[in-house]
Number of protein chains: 2
Amino acid sequence: MQCLCETCVADLNTGKTMTTQQKHVTIQHIAERAGVSISTVSRVFNDSAGVKESKRQAVMDAAAALDYRPNLFAQGLASGQSMSVGVLTQNFGSAFYDGILRGIIAGLDNSNYAPLFADGRWRLDIEERALQTLLDRRVDGLILVGPQQSADLLKQLAQKMPIVIISRIVEGFEKFCLTVDNYDAGYRATKYLLDRGHHQIAHITGVLSESRVLRDAADRFAGYRDALLDVGLEPDPDLIVEGNFRTQSGLLAIETLLSRGRPFSALFVANDQMASGVRLGLYRRGIRVPDDIALIGFDDQPHSAYMIPPLTTIRQPAEEMGSIAAEAILNQLDDKPFSLPTMSAELIIRESVKSIY
Amino acid sequence: MQCLCETCVADLNTGKTMTTQQKHVTIQHIAERAGVSISTVSRVFNDSAGVKESKRQAVMDAAAALDYRPNLFAQGLASGQSMSVGVLTQNFGSAFYDGILRGIIAGLDNSNYAPLFADGRWRLDIEERALQTLLDRRVDGLILVGPQQSADLLKQLAQKMPIVIISRIVEGFEKFCLTVDNYDAGYRATKYLLDRGHHQIAHITGVLSESRVLRDAADRFAGYRDALLDVGLEPDPDLIVEGNFRTQSGLLAIETLLSRGRPFSALFVANDQMASGVRLGLYRRGIRVPDDIALIGFDDQPHSAYMIPPLTTIRQPAEEMGSIAAEAILNQLDDKPFSLPTMSAELIIRESVKSIY
DNA sequence: CGGTTGATTGAAAACGCTTTCTATGGTAAT
DNA sequence: ATTACCATAGAAAGCGTTTTCAATCAACCG
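Everything quoted here is computed from the prediction, not taken from an experiment.

Draft legend 1. Structural view of the overall build of chain A. Of the regular secondary structure elements, chain A holds 14 helices and 11 strands. For chain A, the C-alpha radius of gyration of 27 Å lies well beyond 21 Å, the compact-globule estimate for 357 residues. If you line up chain A on its principal axes, its C-alpha atoms span 85 × 40 × 35 Å. In chain A, which comprises 357 residues, the share counted as buried stands at 55%. Summed over its atoms, the accessible surface of chain A is roughly 15,600 Å², and 48% of this surface lies on carbon and sulfur atoms.

Below, the structure written as structure tokens:
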């Protein structure tokens, strides 16, 4: 890979060997070797204008021979584009986010854009910095998953670049939001229990508090409530406990639920993680699932299929959402129309719910 | 935030308003506003040379007033540095990786470097592209978690920039590798079972095949074998099954193990995911844990504490490894000495192992 | 008091690419 | 054969920083 064109030799002589020459082949080197100007080289790579086939080929050959890789910094500086889209999540480690990322990677796969990942770890300050990192890198588009930023900031961002917001609805901004219909999913989960003959159905919710920007917990809860109402059942406050989506809180919640002494035969838990905690709590008390209590979760985490017993749950189409988001960003980038559907979740029937009649 | 210095007004008049002026404040604008040259502004931000306090302050004020953010592309181009370190994992979604990422984020937190994440999804081709993305962005350092690249390539990379490799040992390159002592961990897991009175201990390994660059499975297995040997027990091939680290393979493995008909009272599984599969297999057969079979896993995934029963397992100090890796990179970047210890894993005792005497 | 020295500062040259703007040649039209 | 027009290329001007080089100024030395 030792090039001996003028430029390279000049580099060698000036002692730049170990830096420029060895380290980075530039458009200069290619131009020299192919016997054309750098403008032409640039044109070839961007096919931004007609270049005679012979030169084109020469450039391609030179580039291949020298293993040329454009300097993104230079490109970005000159063109004002970074050819990357920023992806901000809250927790790389969760199955739902992981699925989304997978979808995004796939969706961006044969575009010229590369994803740039950052993670907020559910902490506003970290999220802010992560976002800043992305912005500093001048991403051309942004996919935000469950962002906790203010609606104003989000709208402001949208002014400057294509954006897609997953798992959160920002008022007056629905066009850019991609969500799952949590209400419907909650409704259906509850309905499923009702249909199996259960009438006393408890619910452990996610984080509900007012200030919360993310409405998933509230929507699932509303679905639960309405499903009950629709069959003439009054939701019983004693059968409802607020959790915080974490495993531990499921354990706690089932304790308080049980301690209230109100009987129930089925339990709808707002996510699988908490369901996992619930399951342990039940096990500790010697309460069997599904014989004594039917259990239904939400999310279909990978290990839910391996719970004892395998958990009936609601699956969000994470991967599909990721690729839809990617596609939408790409379209926005191309000034093409796009639309983000409200996704619907799927009931995954396994073994944690038994019918009683 | 409307600036009326010469530069900005000029921008306004030339109609650059909606792009340059609104979009990006440059060092130019600051210089103008603070009444100094751009060189001085640059010096202030990098405190690369003495600048009189009065000017320094003026620059800072101007920067604050205009909400200046340096253009990383320009900085990168000019300085040859990107002030970022690339982090390549195999699967954002796994708890182990997630812990590492958390550690890295924390470790880089008060440095000037920002992490840039990419994920190989356990597929060599994707990993290659992800790495390329990182390289193209001219990261100043690289943290690779369980990379599958050839040793040659890794060494080559190390020539060019600081590097830390987690979870893989590259021969003759140990200085840059940060690993957990899997052999010791495997040994201790087995020893624990032995100490509880178990003599017929089965083992489900991870991916073992020769070509495999990652040795974790083989090391855990070797630890298992030697622990047995050390108490005078001959490892029984009929009690050993090779899995592939995935949940499903745990289920399969326990089936074949059981079908061989050789009795065993305890089972060491090379990771928690497979243990999860095993658990389900056992449940299906009505075999109780820990009463009929003692179970011990590896990794301490978050949900392992909530398995039925809670799983005794080995915890790798993921988060700590992440921050150690970050620190090592930072030190290399500063030309300071660094060293990567071999981490040792911790036995987490829960309820899936019962003593038999 | 002229010349040094050191601390500050500005001018200008990179950095590697994109993108006008111009120039060149050839081809089609008159 | 002229003129007009295209297609193709090169020159050169940025893009927003850093960094080298040179210049200015004041305090300091003998």
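Draft legend 2. Here's a closer look at the protein's contact with DNA strand D. Near DNA strand D lie 26 residues; those nearest to it are R43 and K52 of chain A together with I27, S42 and Y68 of chain B. Among all atoms of DNA strand D positioned within 4 Å of the protein, those belonging to sugar or phosphate total 60%. Broken down by element, the residue count for the surface near DNA strand D peaks at five residues, all from helix α4 (residues 38–46) of chain B. Taken together, the residues that form the surface near DNA strand D break down as 10 nonpolar, 11 polar and five charged.

Draft legend 3. How the structure looks around the environment of A34 of chain A. Residue and element names in this part refer to chain A. Note on placement: A34 falls in helix α3 (residues 27–34). Taking the C-alpha atoms as reference, A34 lies 27 Å from M83; in sequence the two are 49 residues apart. Dropping the residues within four chain positions of it, A34 is found in contact with A58, V59 and A62.

Draft legend 4. Molecular detail of empty space enclosed by the protein. Applying the stated criterion across every chain, the model contains three cavities of 30 Å³ or more. There is about 110 Å³ of room inside the largest cavity. For the lining of the largest cavity, the secondary structure elements donating two or more residues are α13 (272–285) of chain A together with α13 (272–285) of chain B. When grouped by side-chain class, the residues that make up the lining of the largest cavity number six nonpolar, four polar and two charged.

Draft legend 5. View of the protein's contact with DNA strand C. Close contacts around DNA strand C come from 26 residues, with I27, S42 and Y68 of chain A together with R43 and K52 of chain B the closest. Among the atoms of DNA strand C lying within 4 Å of the protein, the sugar-phosphate backbone contributes 62%. Within the backbone of I27 of chain A, a nitrogen or oxygen atom sits 2.4 Å from a phosphate oxygen of DNA strand C. N71 of chain A places a polar main-chain atom, nitrogen or oxygen, 3.3 Å from a phosphate oxygen of DNA strand C. For the surface near DNA strand C, the secondary structure elements donating two or more residues are α4 (38–46) and α6 (72–79) of chain A together with α4 and α6 (72–79) of chain B. The element best represented in the surface near DNA strand C is α4 of chain A, accounting for five residues.

Draft legend 6. Just the interface of chain A and chain B, in detail. Counting from both sides, the interface comprises 52 residues of chain A and, opposite them, 52 residues of chain B. Summed over both sides, the interface of chain A with chain B buries roughly 4,800 Å², with 60% coming from carbon and sulfur. Summed over the three residues of chain A that lose the most area to chain B, namely F73, R138 and Y306 of chain A, the buried surface amounts to 18% of that side. Summed over the shared surface of chain A and chain B, the number is eight salt bridges. We note a salt bridge from R284 of chain A to E351 of chain B, for which the minimum N-O separation is 2.8 Å. Of all the secondary-structure elements, those providing two or more residues to the side of chain A that touches chain B are α6, α7 (95–108), β2 (114–119), α8 (124–136), α12 (247–259) and α13 of chain A. The biggest single contributor to the side of chain A that touches chain B is α13 of chain A, with six residues. Broken down by class, the residue content of the side of chain A that touches chain B amounts to 23 nonpolar, 15 polar and 14 charged.

Draft legend 7. Molecular detail of unusual backbone geometry. Residues and elements named next belong to chain B. In the segment running from V289 into P290, the intervening peptide bond is cis, with an omega of 5 degrees. With an omega dihedral of -10 degrees, the bond running from I308 to P309 counts as a cis peptide bond. In this structure, P309 sits in the loop between β9 (294–296) and β10 (313–315). One non-glycine residue, M83, lies in positive phi territory at about 55 degrees. Tracing the sequence through the fold places M83 in the loop between α6 and β1 (84–89). Residue classification places M83 among the partly exposed positions, given a relative accessible area of 25%. One non-glycine residue with positive phi stands out, namely D300, at about 50 degrees.

Procedures and definitions
- In every chain, residue numbers begin from 1 and rise along the written sequence.
- Written order decides the labels, with chains lettered from A and ligands numbered from 1.
- Only residues with pLDDT of at least 70 are given local features in this predicted model, and only at 80 or more are side-chain atom pairs given and counted; all residues enter the totals for whole chains, interfaces and linings.
- Working from all heavy atoms in the structure, the side-chain values ignore hydrogens and water.
- What counts as a helix is a DSSP run of H or I of at least four residues, what counts as a strand is a run of E of at least two, and both are numbered from the N terminus.
- With C-alpha atoms as the basis for the radius of gyration, the globule rule is written as 2.2 Å multiplied by the number of residues raised to the power 0.38.
- Type-normalised accessible area, obtained with a 1.4 Å probe on protein chains alone, sets the label of each residue: buried when under 20%, exposed when over 50%, and partly exposed for intermediate values.
- For every accessible area listed, the method is Shrake-Rupley and the probe measures 1.4 Å; residues are considered covered only by the protein chains on display.
- Whether a residue is near a molecule or strand depends on its heavy atoms: it is near if one of them lies within 4 Å of it.
- Any residue outside Ala, Val, Leu, Ile, Met, Phe, Trp, Tyr, Cys, Pro, Asp, Glu, Lys and Arg is labelled polar, Gly included; the first ten of those are nonpolar and the last four are charged.
- Working rule for contacts: check all heavy atoms of both residues, and any pair within 4.5 Å makes them a contact.
- Using a grid of 1 Å spacing that covers the protein atoms alone, one calls a set of points a cavity when a 1.4 Å probe fits there but cannot get out, and a pocket when the set is open and has protein on both sides within 12 Å along at least five of seven lines; lining residues are those with an atom within 4 Å of a point.
- Grid points are joined across faces, edges and corners, and a volume is the space filled by probe spheres set on the points.
- Polar contacts here mean pairs of N or O atoms no more than 3.5 Å apart (in protein, one a potential hydrogen donor and the other a potential acceptor; neighbouring residues in sequence count only if both atoms are side-chain atoms).
- As a working definition, buried area equals the accessible area (1.4 Å probe) given up by two parts on being put together, with both sides summed.
- The salt bridge definition used is simple: a Lys or Arg side-chain nitrogen within 4 Å of an Asp or Glu carboxyl oxygen.

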